[in-house]
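Each chain is listed here by its residues.
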Amino acid sequence: DTAVSQTPKYLVTQMGNDKSIKCEQNLGHDTMYWYKQDSKKFLKIMFSYNNKELIINETVPNRFSPKSPDKAHLNLHINSLELGDSAVYFCASSSNEKLFFGSGTQLSVL
Amino acid sequence: AQSVAQPEDQVNVAEGNPLTVKCTYSVSGNPYLFWYVQYPNRGLQFLLKYITGDNLVKGSYGFEAEFNKSQTSFHLKKPSALVSDSALYFCAVRDILSSNTGKLIFGQGTTLQVKP
């Protein structure tokens, strides 16, 4: 009964490849997010969707494209992966000023 | 610009002793402040928040935080630390320039190490 689940947990790939990370929440929240945590553990918001509509795009390269087929899902597709994309990507949803995070996807670009 | 700072990369404390993890903030207007905890290989978990009201906020797992407007601080405290409290702690402030309540600006994190 995981509240916010994301797959895969680990993703190892070569530079130049395209990959996707999936996220689902069963909390009934309207708003979902992607956050990126770098190797120094610094966290920064990337995108936010409210009820399938994009509401925040934080100057993320357009190689990153979020897609929300419904309000319970927010997937992240990354084209032409670069070494600097290596990080942990967290999906989250929110309610009442609280964020609920998934357990993260550790992306390693070789 | 809005920001939060956690001046300590790591805090070490003995089990049973009180702990404090420091956070200062810089925002215009009234801040919405938060603490989150991250255990190894896990996502962040909400601990507590200050929006308005009593300056002492109680949260999960016996943690509390004190909002101090004059010192622009929001330090996290616990009277008696447990080994299981060892984790990475993040202070955050809501970006008041955004109507999106989940857009948080996080501090750089403080690793809490509680030794038996």
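Keep in mind it's a predicted model, so treat the numbers as computed, not measured.

**Some remarks on the overall build of chain A**
The secondary structure content of chain A amounts to zero helices and 11 strands. Secondary structure elements of chain A, listed N to C terminal, follow the sequence β-β-β-β-β-β-β-β-β-β-β. In terms of overall dimensions, chain A is globule-like: its C-alpha atoms have a radius of gyration of 13 Å, near the 13 Å expected for 110 residues. Considering only C-alpha atoms, chain A reaches an extent of 40 × 25 × 25 Å along its principal axes. The burial tally for chain A puts 43% of its 110 residues in the buried class. Restricting to contacts in chain A with at least 6 residues of sequence separation, those with at least 24 account for 52%. When the accessible surface of chain A is split by element, carbon and sulfur atoms take 48% of a total near 5500 Å².

**Some points on the pattern of salt bridges**
All told, the structure shown has nine salt bridges over all chains when counted by the stated rule. The partner of A:Asp85 in a salt bridge is A:Arg63, with the nearest N and O atoms 2.8 Å apart. Here A:Asp85, found in the loop between β8 (73–78) and β9 (87–95), pairs with A:Arg63, found in the loop between β6 (53–57) and β7 (64–70); they are 22 residues apart in sequence, far enough to count as distant. By relative accessible area, which is 4% here, A:Asp85 ends up buried. A salt bridge links B:Glu66 to B:Lys77, with the shortest nitrogen-to-oxygen separation between them at 3.8 Å. In this pair, B:Glu66 is assigned in strand β8 (residues 64–68) and B:Lys77 in strand β9 (residues 73–78), connecting sequence segments 11 residues apart. Given the relative accessible area of 38%, B:Glu66 is considered partly exposed. Here the salt bridges share partners, and the residues they tie into one network are A:Lys44, A:Glu58 and B:Lys103.

**Remarks on the pairing of strand β5 (residues 43–50) of chain A**
Residues and elements named next belong to chain A. Most of β5 sits inside the fold, with six of its eight residues counted as buried. Where strand β4 (residues 31–37) meets β5, seven bridges bridge the pair, whose relative direction is antiparallel. Note that in β5 the partner of Trp34 across the bridge is Phe47. As paired strands, β5 and β6 are joined by four bridges and run antiparallel to one another. Counted as the bridge partner of Ser48 is Ile56 from β6.

**A look at the interface of chain B and chain A**
Listed as interface residues are 22 residues of chain B and, on the opposing side, 23 residues of chain A. For the chain B and chain A pair, buried surface summed over both sides reaches about 1700 Å², with 54% attributable to carbon and sulfur atoms. Inspection of the region where chain B meets chain A yields two salt bridges. If you look at where chain B meets chain A, you find seven residue pairs in polar contact (both at pLDDT 80 or more). Broken down by secondary-structure element, the contributors of at least two residues to the side of chain B that touches chain A are β5 (33–38), β6 (44–50), β10 (87–94) and β11 (104–106) of chain B.

**Some words on the nonpolar core**
Note on soluble globular proteins: their nonpolar side chains tend to be buried together. By size, the foremost hydrophobic cluster in this structure holds 28 residues, and its most contacted members are B:Trp35, B:Leu47, B:Leu48, B:Phe74, B:Leu76 and B:Tyr89. Among the elements of the structure, β2 (10–14), β3 (19–21), β5, β6, β8, β9, β10 and β12 (110–115) of chain B are those that each provide at least two residues to this core. Counting residues in each nonpolar core, the second largest holds 20 residues, with A:Val4, A:Leu74, A:Leu76 and A:Leu107 among its members.

**Re the side chain of B:Arg94**
Mapped onto the elements, B:Arg94 comes out in strand β10. We classify B:Arg94 as buried; its relative accessible area is 13%. One polar contact links B:Arg94 to A:Glu97, side chain to side chain, over a distance of 2.8 Å.

**A few points about the sheet that holds β8(A)**
Residue and element names in this part refer to chain A. Taken together, the four strands give an open sheet; going across it, the order is β1-β3-β8-β7, and neighbouring strands pair in antiparallel fashion. Looking at strand neighbours, the two that pair on one side only are β1 (4–7) and β7, the edges of this open sheet. Within this sheet the neighbouring strands show an average axis-to-axis angle of 20°, counted without direction. In the sheet, strand β3 (residues 19–25) pairs with β8 via four bridges, with the strands oriented antiparallel. Bridge assignment links Glu24 to a residue of β8, and that residue is His73.

The rules we used
- Residues numbered from 1 in each chain as written.
- Chains lettered and ligands numbered in written order.
- Predicted model: local features only at pLDDT ≥ 70, side-chain atom pairs only at ≥ 80, totals over all residues.
- Heavy atoms only, no water.
- Helix = DSSP H or I, 4+ residues; strand = E, 2+ residues; numbered from the N terminus.
- Rg over C-alpha atoms; globule rule 2.2 N^0.38 Å.
- Buried < 20%, exposed > 50% of the residue type's maximum accessible area, 1.4 Å probe, protein only.
- Contact = heavy atoms within 4.5 Å.
- Areas by Shrake-Rupley, 256 points an atom, 1.4 Å probe, with all protein chains shown as cover.
- Salt bridge = Lys/Arg side-chain N within 4 Å of Asp/Glu carboxyl O.
- Pairing = 2+ DSSP bridges.
- Buried area = accessible area lost by both parts, 1.4 Å probe.
- Polar contact = N/O pair within 3.5 Å; in protein donor to acceptor, adjacent residues only side chain to side chain.
- Core = buried A, V, L, I, M, F, W, Y, C linked by side-chain atoms within 4.5 Å.
- Axes fitted to C-alpha atoms, helices over the stretch in contact; angles between N-to-C directions.

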